Amino acid sequence: MAEQVQLGALSASTLMSNPVCNSEGEDLGKIEDFLIDLDTGCIVYAVISFGGSLGFADKLFAIPWVSLRVDREAKCFWLDIDQETLEKAPGFDKDHWPEPQDFGIVTTVYKFYGVENPFE
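A few points on the structure. (Residues numbered from 1 in each chain as written. Predicted model: local features only at pLDDT ≥ 70, side-chain atom pairs only at ≥ 80, totals over all residues. Heavy atoms only, no water.)

### Digging into unusual backbone geometry
In this structure, serine 17 takes a positive phi of about 70° despite not being glycine. By the secondary structure assignment, serine 17 is in the loop between α1 (12-15) and β1 (19-21). Positive phi outside glycine occurs at lysine 75, with the angle close to 55°. Relative to the elements of secondary structure, lysine 75 occurs in the loop between β5 (68-71) and β6 (76-79). In this structure lysine 75 comes out as exposed when scored by relative accessible area, which is 60%. (Helix = DSSP H or I, 4+ residues; strand = E, 2+ residues; numbered from the N terminus. Buried < 20%, exposed > 50% of the residue type's maximum accessible area, 1.4 Å probe, protein only.)

Here it is as structure tokens:
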């Protein structure tokens, strides 16, 4: 009998609002959304909110999906970056999102995080 393979899939709604932390235990924000490439079905980047007061984010950040690690047990994401570096990362205002077809931000954020951009 063939061994059953366990899928590594979760619904997007279960991931929304999950916290993002780093290995130092710093709170880096929470997942707000995902940008998905319709041609491949792959997540291009996750959008996290960070900063602000009273629960309102000052800035949103596009994080390459490959830069995040999902912790299913803790129901959070891990990102290997400190708060100070995140504050300097390319981001955008919550009322002025990049156009979905604008891959300039994709190139910028993949370069910032030092990961290969599979969408080029």
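### A word on the sheet that holds β5
Read across the sheet, 7 strands follow the order β5-β6-β1-β2-β3-β4-β7 without closing on themselves; strand pairing throughout is mixed. Sheet topology places β5 and β7 (91-92) at the edges, where each strand pairs with a single neighbour. (Pairing = 2+ DSSP bridges.)

### Quick word on the packing of aromatic side chains
Considering all chains together, one arrives at 6 aromatic pairs under this definition. When the centroid spacing of 5.0 Å and the interplanar angle of 75° are considered together, the rings of phenylalanine 112 and tyrosine 113 count as edge-to-face. Given a relative accessible area of 33%, phenylalanine 112 falls into the partly exposed group. Take tyrosine 113: its relative accessible area is 14%, and that puts it in the buried class. Among the aromatic side chains, those forming a connected cluster through ring pairs are Phe34, Trp65 and Phe77. (Phe/Tyr/Trp six-rings, centres within 6.5 Å; stacked < 30°, edge-to-face > 60°.)

### A word on the environment of glycine 25
The topology assignment puts glycine 25 in the loop between β1 and β2 (27-36). Along the backbone, glycine 25 and aspartate 82 are 57 residues apart, and their C-alpha atoms lie at a distance of 9.6 Å.

### Comments concerning the pairing of β6
One ladder, built from 2 bridges, connects β1 with β6; its direction is parallel. Across the sheet, the residue bridging to cysteine 21 is tryptophan 78, located in β6. Following β5, the chain reverses through 4 residues before pairing antiparallel with β6; lysine 75 in that reversal takes a positive phi of roughly 55°.

### Quick word on the nonpolar core
Formed by 28 residues in total, the largest nonpolar core has its most connected members in Val20, Ile31, Tyr45, Ile63, Leu68 and Leu86. When contributions to this core are tallied by element, the ones reaching two or more residues are β2, β3 (43-50), β4 (59-64), β6 and α3 (104-112). Excluding residues that lie within four positions of it along the chain, isoleucine 63 makes contacts with Tyr45, Ala46, Ile48, Leu68, Leu79, Leu86 and Tyr113. (Core = buried A, V, L, I, M, F, W, Y, C linked by side-chain atoms within 4.5 Å. Contact = heavy atoms within 4.5 Å.)

### Here we look at the pattern of salt bridges
Per the stated rule, a full pass over the model turns up 3 salt bridges. Between glutamate 32 and lysine 30 there is a salt bridge; the shortest N-O distance is 3.9 Å. Classification of glutamate 32 as partly exposed rests on a relative accessible area of 28%. A salt bridge links lysine 94 to aspartate 95; the shortest N-O distance between them is 3.8 Å. (Salt bridge = Lys/Arg side-chain N within 4 Å of Asp/Glu carboxyl O.)

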